[in-house]
Amino acid sequence: MTSVWLPLLFTIFVWWFSTGFILWLDRFSPHYFKTIMFLSTIVLLLAFLGLYHSSRTNTVTNAYCAFSCALLIWGWQELGFLLGYVTGSRKTPCPENAKGWLRAKYAFQAVNHHELALIVLLLIVVVISLDAKNMTGLWTFLILWLMRQSAKLNIFFGVLNLNENFLPTHLKYLQTYFRRAPMNYLMPVSLVGSMLFVVPLWTDATIVGLSSPEVVSKTILATLLSLAILEHLLLVIPFQVEFLWKWGFRQEG
């Protein structure tokens with residue numbers, strides 16, 4: 001039986017490094033933003049191509065490749081958001097008197113282009129994965145998308161750690177749409193719902209007799225979902241996560 005340790009460690013490292021690398025790129029001078037986005041778009045196109053080919057055959061190598069390509073596709077929209085190219089139609093702070101549904105409306109307008117980009121990318125990944133034998137890439141993107149939506153809603157409703165340092169200077173206005181609170185009613189639902197999926201994933205990954213590609217794929221997905229659950233927990237406990245990516249938080253150019 002294939003060990004779960006290699007795909008587990010691989011997923012953790014790629015998650016950690018890709019996050020820090022995007023933060024590092026975003027700290028360049030705005031003079032370089034267009035070049036960075038152009039090169040990132042070339043990588044995006046190559047990632048689509050890589051995802052298509054790796055999803056055709058269910059092998060260990062293709063499981064790793066599909067996961068990596070899906071993460072590169074996800075990274076494109078993350079970078080586009082942080083560079084300020086794919087954010088929203090509203091680029092001003094939330095009015096202080098905005099409450100309830102009005103605040104929710106303004107918050108959505110601040111990220112609506114970003115949300116649309118995510119849906120478009122998801123649809124492309126779905127089309128690429130039609131009739132695929134290796135679904136690792138599709139499930140990777142779905143986990144990232146669903147857990148990011150959950151994190152955004154929890155931050156909107158109120159969490160203890162808002163992680164404001166992850167936002168570059170030109171996006172600091174988005175902080176006004178966040179709410180700091182010890183806890184909100186959605187967080188327990190997010191955590192319990194995620195656990196209902198991650199436990200069976202880990203159980204399946206350790207079944208004796210499972211093929212090597214299935215072990216790798218399920219371990220990657222279980223690890224990724226576990227990391228997303230950890231990110232949710234870090235929103236509501238007194239713990240600063242910036243030190244994990246200290247090398248990415250260099251002074252902005």
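Quick look at the structure, then.

About the thresholds
Residues numbered from 1 in each chain as written. Predicted model: local features only at pLDDT ≥ 70, side-chain atom pairs only at ≥ 80, totals over all residues. Heavy atoms only, no water. Core = buried A, V, L, I, M, F, W, Y, C linked by side-chain atoms within 4.5 Å. Buried < 20%, exposed > 50% of the residue type's maximum accessible area, 1.4 Å probe, protein only. Helix = DSSP H or I, 4+ residues; strand = E, 2+ residues; numbered from the N terminus. Polar contact = N/O pair within 3.5 Å; in protein donor to acceptor, adjacent residues only side chain to side chain. Contact = heavy atoms within 4.5 Å. Expected span 1.5 Å × (residues − 1). Axes fitted to C-alpha atoms, helices over the stretch in contact; angles between N-to-C directions. Parallel < 35°, antiparallel > 145°, perpendicular 65-115°, else oblique. Left-handed = near helix turned anticlockwise from the far one by under 90°. Phe/Tyr/Trp six-rings, centres within 6.5 Å; stacked < 30°, edge-to-face > 60°. Lys NZ or Arg CZ within 6 Å of the ring centre and 35° of its normal.

Ranked by size, the top nonpolar core spans 70 residues in total, and within it I73, L174 and Y177 carry the most contacts. Looking at this core, the elements with two or more residues in it are helix 1 (5-26), helix 2 (33-54), helix 3 (60-83), helix 4 (100-128), helix 5 (136-157), helix 6 (186-205) and helix 7 (212-234). Considering each element in turn, this core owes the most residues, 13 residues, to helix 3.

With respect to the helices and strands, T219 occurs in helix 7. The buried category is assigned to T219, whose relative accessible area is 0%. Engagement of the side chain of T219 in a polar contact is seen with the backbone oxygen of V215, the distance being 2.6 Å. Ignoring sequence-local partners within four residues, the contact set of T219 consists of V4, P7, L8, W202 and A205.

Glancing now at unusual backbone geometry. The phi angle of most residues is negative, glycine excepted, and most peptide bonds adopt the trans form. Phi angles above zero are rare outside glycine, and D131 is one such case at about 65°. Considering the arrangement of structural elements, one finds D131 in the loop between helix 4 and helix 5. Residue D131 is classed as exposed on the basis of its relative accessible area of 77%. Positive phi values are uncommon outside glycine, yet N163 reaches one of about 55°. Along the chain, N163 turns up in the loop between helix 5 and helix 6.

Turning our eyes to something else, we now look at helix 3. Relative to the 34 Å expected for 24 residues at 1.5 Å per residue, helix 3 spans 35 Å between its end C-alpha atoms, a close match to the ideal helical length. Most of helix 3 sits out of view: 19 of its 24 residues are buried.

Quick look at the side chain of S40 now. Here S40 shows up in helix 2. By relative accessible area, which is 13% here, S40 ends up buried.

Before going further, it helps to spend a moment on the environment of L23. If you trace the backbone, L23 turns up in helix 1. Once the C-alpha coordinates of L23 and I220 are considered, the two residues, 197 residues apart in sequence, prove to be 23 Å apart. Once residues within four sequence positions are removed from consideration, L23 is found in contact with L82, F166, W245, G248 and F249.

A separate point is the packing of helix 1 against helix 3. Where helix 1 contacts helix 3, the axes come no closer than 10 Å and their chain directions differ by 20°. The angle between helix 1 and helix 3 places the two elements in the roughly parallel class. Read as a crossing pair, helix 1 and helix 3 show a hand that is right-handed. Contacts between helix 1 and helix 3 pair L6, P7, F10, T11, V14, S18, I22, L23, L25 and D26 from the former with Y64, F67, S68, L71, G75, E78, L79, L82 and L83 from the latter.

Enumeration according to the criterion identifies 15 aromatic pairs in this entry. Ring geometry for F10 and Y64: centres 4.9 Å apart, planes at 80°, overall edge-to-face. With F10 in helix 1 and Y64 in helix 3, this pair connects stretches of sequence that are 54 residues apart. Judged by relative accessible area, which is 27%, F10 ranks as partly exposed. Here Y64 falls in the buried class, since its relative accessible area comes to 16%. Both rings, one in F156 and one in F157, keep their centres 5.5 Å apart while their planes meet at 65°; by these two values the pair is edge-to-face. The class for F157 is partly exposed, based on a relative accessible area of 40%. Members of the aromatic cluster, each reached through a chain of ring pairs, are F13, W16, F17, F21, W24, F28, Y32 and W247. Residue placement shows R90 over the ring face of Y106; its charged tip is 4.0 Å from the ring centre.

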